[in-house]
Amino acid sequence: MQKIIILDTTLRDGEQAPGNSMLAYEKTEMALQLEKLGVDVIEAGFAAASPDDAESVKQIAAIIKNATVCSLSRCKKEDIDIAYEALKGAVKSRLHLFLATSPLHMQYKLELTEQEVLDKIDTSVRYARSLFSEVQFSCEDATRSNRDFLLKAIEVAIGAGAQIIGIPDTVGYSFPEEIKELFQLVSERFPGVVFSAHCHNDLGLAVANTLAAIEGGAKQIDCTVNGIGERAGNTALEEVVLALHTRKDHYDVENGIVLKQISPTSQMLTALTGTKIAANKPIVGKNVFLHESGIHQHGILQHRSTYEILDPSELGIVQNNIVLGKHSGKHALYEYLSSMDIRVSDEELNDLFERFKLLADKKKIVTHKDIMYLISHGHNVKIARLYSLESYSIITVKGSSAVATLKLKTGDEIKIGEGSGDGPLDAAFKTINRIIGKDFMLLDWSSSAITEGEDALGAATLRLEYKGKKVTGRGVSTDTVEASILAYVNACNKILQ
Ligand code: KIV
Ligand code: ZN
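Heads up: these notes are all about the structure in this document. Fair warning: this is a prediction, and the values are worked out from it, not measured in the lab.

Conventions we followed
Residues numbered from 1 in each chain as written. Chains lettered and ligands numbered in written order. Predicted model: local features only at pLDDT ≥ 70, side-chain atom pairs only at ≥ 80, totals over all residues. Heavy atoms only, no water. Patch = residues over 30% accessible without salt bridge, like charges linked within 9 Å, V, L, I, M, F, W, Y side chains within 5 Å. Areas by Shrake-Rupley, 256 points an atom, 1.4 Å probe, with all protein chains shown as cover. Salt bridge = Lys/Arg side-chain N within 4 Å of Asp/Glu carboxyl O. Buried < 20%, exposed > 50% of the residue type's maximum accessible area, 1.4 Å probe, protein only. Helix = DSSP H or I, 4+ residues; strand = E, 2+ residues; numbered from the N terminus. Donors = N, O, S within 2.8 Å, 3.2 Å for Na, K, Ca; no water. Pairing = 2+ DSSP bridges. Axes fitted to C-alpha atoms, helices over the stretch in contact; angles between N-to-C directions. Contact = heavy atoms within 4.5 Å. Polar contact = N/O pair within 3.5 Å; in protein donor to acceptor, adjacent residues only side chain to side chain.

### Looking at a nonpolar patch on the surface
Okay, so step 1: Taken together, the side chains of Ile395, Val397 and Val403 make up a nonpolar region of the molecular surface, amounting to roughly 240 Å² of accessible area.
Okay, so step 2: Owing to a relative accessible area of 47%, valine 397 belongs among the partly exposed residues under this scheme.

What follows is the structure, given as structure tokens:
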């Protein structure tokens, strides 16, 4: 059976889309999860884009053992050198060069002639191959490129040493039959070369186009978790993988994805970026295994396959409930995590247990979902807790400003502040700014109940900006105001760190 190589670009194409930015340690956490998920190549970033990007590529290269770590690069010597420095600690590395080949891009963006583009491809791929044993070259906007010129560009890239050729549908313009035909053409013309599909979702066709590319002979597909990415996003990894899995009868291909890690990976990304997915998002949306209509419920009770083609437990979705209670000790928590194949360090376990106890006191019964959220919203261990919330009180009276009093702990000192604002959260956030002495700017905020019932756990996610740096803060509590204050303090700590 043909093995399809999965290149995950969540940390590059995904991360570059608005609202998905992550700090270096968040990216390394995600990269470790992607490795657990079984992706073959992790596109860790675009090293030359900024020193922060180079640093996170370097950190990911240092910790990933099984997957290939890859950096995107323009066809420029400086970019290639920066990527080389960032990737040199990797067990397996790949450089991913790109240059546009469509008339539109060449004329208006690059301002280069066809010959100049071919020369650049040749020089850059040759130089890249002198440093890297594996080089991918992608013809940006390939699907809107002139066919003969596209074939010429591919020939030059292969001649210069590229082993993998990307055929991106950069603006999500193509239809499945066109993509299939294009992949058939290039695969027949250049046998033995790995052609990669990189589809954007502007017309909602990214997954369909990626499947069509496989039918046409693509041996690598580029995907992102939850389909995040520029504009309408990229091919959603979980969707394409589940399509291949569910319709094995149609696709005679295999891949290395560990299905049980699909749901944990999706949840981790949501927690790290704060970008929620739609309830009806295929595979990982919260409604995907809910049945409201009586006829459907009846059918499901008789035989699950009447209305479900996917098995949630296969995807790591735990639908159970009570797992631990207020009397459970640290050992029980550890045992539970191990049974779910979740590994934590001693330090992480201590932190998690502290937060678990607080929650169990309030909720009595702690569910799998609660634990997952405590884990994914509690990436605080690696953030210096420069400030932590001691206590707060907020008074709101209809028709007048809310007044907040907060106590924050920093080192051994307790700092108290008071402030007023337009509603309880505005008052609390302004007070935190006053205590810390910085003008952090709130970009967006959202909160949602993450578990069911009266004592549901609420998660608040917000983004703060300070001097151009944007971070995501998260907080979890049974009280939305407290969750929001915790999220704000969490974001402040990230910025200050
Ligand atoms: O969409 C695209 O064309 C890309 C390339 C840079 C590979 O992301
Ligand atoms: Zn792209």
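### Description of the pattern of salt bridges
Okay, so step 1: Taken as a whole and judged by the stated rule, the model has 24 salt bridges.
Okay, so step 2: Among the salt bridges present, the one from glutamate 43 reaches arginine 12, with a minimum N-O distance of 2.9 Å. With glutamate 43 in strand β3 (residues 41–45) and arginine 12 in helix α1 (residues 10–14), the pair connects residues that are 31 residues apart, well separated along the chain.
Okay, so step 3: On the basis of relative accessible area, glutamate 43 is assigned to the buried category, the value being 0%.
Okay, so step 4: Exposure remark for arginine 12: the relative accessible area of 9% places this residue in the buried category.
Okay, so step 5: In this structure, the salt-bridge partner of aspartate 444 is arginine 463, at a minimum N-O distance of 3.1 Å. Residue aspartate 444 is found in strand β16 (residues 441–449), and its partner arginine 463 is found in strand β17 (residues 458–466); the two are separated by 19 residues along the sequence.
Okay, so step 6: Given the relative accessible area of 35%, aspartate 444 is considered partly exposed.
Okay, so step 7: Each of Arg12, Asp13 and Glu43 takes part in salt bridges that share partners, so that together they form one network.

### With respect to the coordination of the zinc ion (ligand 2)
Okay, so step 1: Looking at the metal site, the zinc ion (ligand 2) is ligated by Asp13 (OD), His198 (NE2) and His200 (NE2), spaced 2.0 to 2.1 Å from it.
Okay, so step 2: Mapping the donors of the zinc ion (ligand 2) onto the primary sequence yields the spacing D-x184-H-x1-H. Taken as a pair, aspartate 13 in helix α1 and histidine 200 in the loop between β8 (194–199) and α9 (206–216) lie far apart in primary sequence, 187 residues in all.

### A word on the sheet that holds strand β18 (residues 469–477)
Backbone hydrogen bonds hold the strands of a sheet together, and the pairing may be parallel or antiparallel.
Okay, so step 1: An order of β16-β17-β18 is seen for the three strands of this open sheet, with the pairing classed as antiparallel. Edge strands, defined here as strands with exactly one partner in the open sheet, are β16 and β18. Pairwise comparison of adjacent strand axes, ignoring direction, gives a mean angle of 15° for this sheet.
Okay, so step 2: Two elements, β17 and β18, share nine bridges in a ladder whose sense is antiparallel. Residue glycine 458 lies in a different strand from β18, and its bridge partner there is serine 477.
Okay, so step 3: Running at roughly 145° to β18, helix α17 (residues 480–496) makes contact with β16, β17 and β18 of the sheet.

### What about the environment of glutamate 238?
Okay, so step 1: Checked against the element boundaries, glutamate 238 lands in helix α10 (residues 237–246).
Okay, so step 2: We classify glutamate 238 as buried; its relative accessible area is 2%.
Okay, so step 3: Sequence spacing of glutamate 238 and serine 266 is 28 residues, and the spatial spacing of their C-alpha atoms is 8.5 Å.
Okay, so step 4: Sequence-distant contacts of glutamate 238, that is, excluding residues within four places in its chain, are made with Thr224, Val225, Asn226, Gly227, Ile262, Lys281, Pro282, Ile283 and Val284.
Okay, so step 5: Within the structure, glutamate 238 has its side chain in polar contact with the side chain of lysine 281 (distance 2.7 Å).

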